[in-house]
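Here is what each chain is made of, one letter per residue.
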Amino acid sequence: MRVSVQDIQAMKTRGERIPMVTAYDYTTAQMVDAAEIPLILVGDSLGMVVLGYGSTVPVTIGDILHHAKAVVRGTTRALVVGDLPFLTYTSPDQALQNAGRLLQEAGCQAVKLEGGAAVVPAVERLTAAGIPVMGHLGYTPQSENTIGRRVQGKSVDAARQLVQDALLLEQAGAFAVVLELIPAPLARAVTERLRIPTIGIGAGVGCDGQVQVIHDLLGLYTDYVPRHAKRYRNLGDEIRNAVAEYAAEVRAASFPTANHSSKMDEAALNEALAQLDR
Ligand code: KIV
């Protein structure tokens, strides 16, 4: 049985921390699911770490659908959240159409969208239609061209606005809210004021859960390592070394060996070649 939004809520109620990571493909999703991660995000961060774009802005609903289908196929247990990309939820109707595709075509169990008061009508429409919504406040990457790439919520006005937005999302029916790149004391204050769980990224330890981009955890993405990310392994180096070793063995003709090859009856081969020569 998959984790449900009620299970996620119960984790907050019990004071149990909620780990969440991104996944974008079948194989990685299988490994994440086996690690008993309750929440998987098919994030639009795939624009950078999978597709090689400079930001999340070029990511389309088609991109998220394509990757979410693979992630859902690779999981049996985790609740899979599909990200609604830039400009796919500018009205409640548009949000419903695109979120509906993530549930119906990809098999996600929930969607995530960025923003506060401005997206409340969309959140209300989705939750009324039976689509669980995760909010996303603080640094919202889809708006980087207006807000810049920096910590949010530091001024009195911005901190007050952020708390108000979080409460509005909760009232609108969101089942959780991502808090990205905000000061730790502000994230703790939001977490204390909300009934629903907060999931932090660069928002300190006071959130109910944490989300990280899997490429950052595993050391796969070398172009840029955010300050809030911790590298648990350096698989990028492992992969580079493994591929270089393979290439060296191919060049030296030490791969493949007999163990990697199939045998054949010599007489049958000789007969086939003889027939060709006749
Ligand atoms: O797209 C993403 O991976 C995200 C997380 C960083 C929260 O939105």
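Residues numbered from 1 in each chain as written. Predicted model: local features only at pLDDT ≥ 70, side-chain atom pairs only at ≥ 80, totals over all residues. Heavy atoms only, no water.

**A look at helix α8 (residues 156-172)**
Stage number 1. Compared with the 24 Å implied by 1.5 Å per residue over 17 residues, the 24 Å span of α8 between its first and last C-alpha is a close match.
Stage number 2. When we look at burial in α8, the residues that qualify are Ala-159, Leu-162, Val-163, Asp-165, Ala-166, Leu-169, Glu-170 and Ala-172.
Stage number 3. The inward-facing, buried residues of α8 abut α6 (120-128), β5 (133-138), β6 (176-180) and α9 (184-193). (Helix = DSSP H or I, 4+ residues; strand = E, 2+ residues; numbered from the N terminus. Expected span 1.5 Å × (residues − 1). Buried < 20%, exposed > 50% of the residue type's maximum accessible area, 1.4 Å probe, protein only. Contact = heavy atoms within 4.5 Å.)

**Observations concerning the side chain of Glu-114**
Stage number 1. By the secondary structure assignment, Glu-114 is in the loop between β4 (110-112) and α6.
Stage number 2. Separated by 3.0 Å, the side chain of Glu-114 and the backbone nitrogen of Gln-142 make a polar contact.
Stage number 3. In contact with Glu-114, other than residues within four places in its own chain, are Asp-44, Tyr-89, Val-119, His-136, Thr-140, Pro-141, Gln-142 and Ser-143. (Polar contact = N/O pair within 3.5 Å; in protein donor to acceptor, adjacent residues only side chain to side chain.)

**Let's talk about the packing of aromatic side chains**
Stage number 1. Following the criterion strictly, the structure yields one aromatic pair and no others.
Stage number 2. Considering the side-chain rings of Tyr-246 and Phe-255, the 5.9 Å spacing of their centres and the 70° angle between planes classify their relative orientation as edge-to-face.
Stage number 3. According to the relative accessible area criterion, Tyr-246 is partly exposed, its value standing at 49%. (Phe/Tyr/Trp six-rings, centres within 6.5 Å; stacked < 30°, edge-to-face > 60°.)

**Digging into the sheet that holds strand β1 (residues 18-22)**
Stage number 1. Read once around its circumference, the closed barrel built from eight strands follows the order β1-β2-β3-β4-β5-β6-β7-β8, with strand pairing classed as parallel. With direction set aside, neighbouring strand axes in the sheet form an average angle of 25°.
Stage number 2. As defined by bridge partners, β6 adjoins strand β7 (residues 198-201) across four bridges and the pair is classed as parallel. Looking across to β7, one finds that Val-178 is bridged to Ile-199.
Stage number 3. Against the sheet, helix α4 (residues 61-73) touches β2 (39-42) and β3 (79-83), its axis set at about 150° to β2. (Pairing = 2+ DSSP bridges. Axes fitted to C-alpha atoms, helices over the stretch in contact; angles between N-to-C directions.)

**A closer look at the packing of α6 against α8**
Packed helices, taken two at a time, are described by the angle their axes make and the gap between the axes.
Stage number 1. One way to put it is that α6 packs onto α8 with a least axis distance of 8 Å and a crossing angle of 25°. The orientation of α6 relative to α8 falls into the category roughly parallel. Handedness of the crossing formed by α6 with α8: right-handed. Residue-level contacts link Val-120, Val-123, Glu-124 and Thr-127 of α6 to Leu-168, Leu-169 and Ala-172 of α8. (Parallel < 35°, antiparallel > 145°, perpendicular 65-115°, else oblique. Left-handed = near helix turned anticlockwise from the far one by under 90°.)

**Things to note about the site of the ligand**
Stage number 1. The local shell around the ligand consists of Thr-22, Leu-41, Gly-43, Asp-44, Ser-45, Asp-83, Lys-112, His-136, Val-178, Ile-201, Val-211 and Val-213.
Stage number 2. In this structure, an oxygen atom belonging to the ligand sits 2.5 Å away from a side-chain N or O atom of Ser-45.
Stage number 3. Here the residues of the shell around the ligand sort into five nonpolar, four polar and three charged. (Near = heavy atom within 4 Å. Nonpolar A, V, L, I, M, F, W, Y, C, P; charged D, E, K, R; others polar.)

**Focus: helix α11 (residues 235-251)**
Stage number 1. Spanning 17 residues, α11 covers 24 Å between terminal C-alpha atoms, matching the ideal 24 Å at 1.5 Å per step.
Stage number 2. The positive-phi residue at the C-terminal boundary of α11 is Ala-253, with phi of around 55°.

**Remarks on the domain arrangement of the protein**
Stage number 1. When the domains of the protein are assigned, the result is domain 1 (5-233) and domain 2 (238-277).
Stage number 2. Here the C-alpha centroids of domain 1 and domain 2 sit 47 Å apart. (Domains from an automatic or database assignment.)

**A look at the pairing of β5**
Stage number 1. A large share of β5 lies buried, amounting to six of its six residues.
Stage number 2. Once you follow β4 into α6 and on to β5, the crossover reads as right-handed.
Stage number 3. Here five bridges tie β5 to β6, and the two strands are oriented parallel to one another. The partner of Met-134 across the bridge, within β6, is Ala-176. (Right-handed = clockwise from strand over helix to strand, strands pointing away.)

**Quick word on the nonpolar core**
Stage number 1. In terms of nonpolar packing, the biggest core is built from 57 residues, with Leu-84, Leu-126 and Leu-179 touching the most fellow members.
Stage number 2. Among the nonpolar cores identified, the runner-up in size contains 18 residues, and Leu-39, Leu-41, Val-81 and Met-134 belong to it. (Core = buried A, V, L, I, M, F, W, Y, C linked by side-chain atoms within 4.5 Å.)

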